[in-house]
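Structure assessment
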Amino acid sequence: MQSRFVILHGWENRRPTDHWQHWLFDQLSAQGRDVDYPQLPDPDAPDLATWLDLLDGLVTRGERPVTLIAHSLAASLWLTHRARGGSPGLVSRLALVAIPSPAVLRPTVVAPFVEHPPSIAALPGVEQIVFDGEGDSYSPGGVHADYAIDAAIPVEPVPGGGHLTPDSGFGPWPRILEWTLADPEVPS
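Note that this is a predicted model, so its numbers are computed, not measured.

Okay, the pairing of strand β1 (residues 4–8) next. The buried fraction of β1 amounts to 5 of the 5 residues, a majority that puts the element mostly inside the structure. The pairing of β1 with strand β3 (residues 66–71) spans 5 bridges and is classified as parallel. Across the sheet, Arg4 pairs through a bridge with Val66, a residue of β3. Pairing of β1 with strand β2 (residues 35–36) involves 2 bridges; the strand directions are parallel. Looking across to β2, one finds that Phe5 is bridged to Val35. Once the chain exits β1 it traverses helix α1 (residues 20–30) before rejoining the sheet at β2, and the crossover so formed is right-handed.

Right, dumping it as structure tokens:
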């Protein structure tokens, strides 16, 4: 059964056309894939409960497996969703991209999004990957400085990636498309 793809953006993001997320959406759509790339409400001052409800709806709708690509605050949203007992729903593949440091976000309007343990656990039956941009100002020291990541989850460094935004050179990003379309390597 073909996956449904869900791409979620982060804080202060309005889905700019030069962002890799928009490029990925365009690539998948051009192949006739079923892709959700919603503009999440109030990106400058997001409400956690609203975003959690939207996430839950996106990962539980339908019957097909979901490949979820969550960037920045959306990665924090996923971790908070799981910490609050949220189900992985139909997610069979998960990419967490440029996970921000809770220490960086705590003094901001998005502090509620980082109310989760400093760990990332492997989920049974879900292929997971973390993409960690080198020199990310939202994650000083890299993702390992803030999170204990299960050894079963690969962490792929992105040299010179920064926060993986257009400002750090990430419009088209062939590696994320390659991962997104790869045959699943689901752990048991």
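On to the pairing of β3. When you tally the buried positions in β3, you get 6 out of 6 residues, the bulk of the element. What you see with β3 is no split at all: Val66, Leu68 and Ala70 on one side and Thr67, Ile69 and His71 on the other are buried throughout. As judged from the 6 bridges shared by β3 and strand β4 (residues 91–97), these two strands associate in the parallel manner. Bridge pairing in β4 places Ile69 opposite Ala95.

Quick notes on the rules
- Residues numbered from 1 in each chain as written.
- Predicted model: local features only at pLDDT ≥ 70, side-chain atom pairs only at ≥ 80, totals over all residues.
- Heavy atoms only, no water.
- Buried < 20%, exposed > 50% of the residue type's maximum accessible area, 1.4 Å probe, protein only.
- Helix = DSSP H or I, 4+ residues; strand = E, 2+ residues; numbered from the N terminus.
- Pairing = 2+ DSSP bridges.
- Right-handed = clockwise from strand over helix to strand, strands pointing away.

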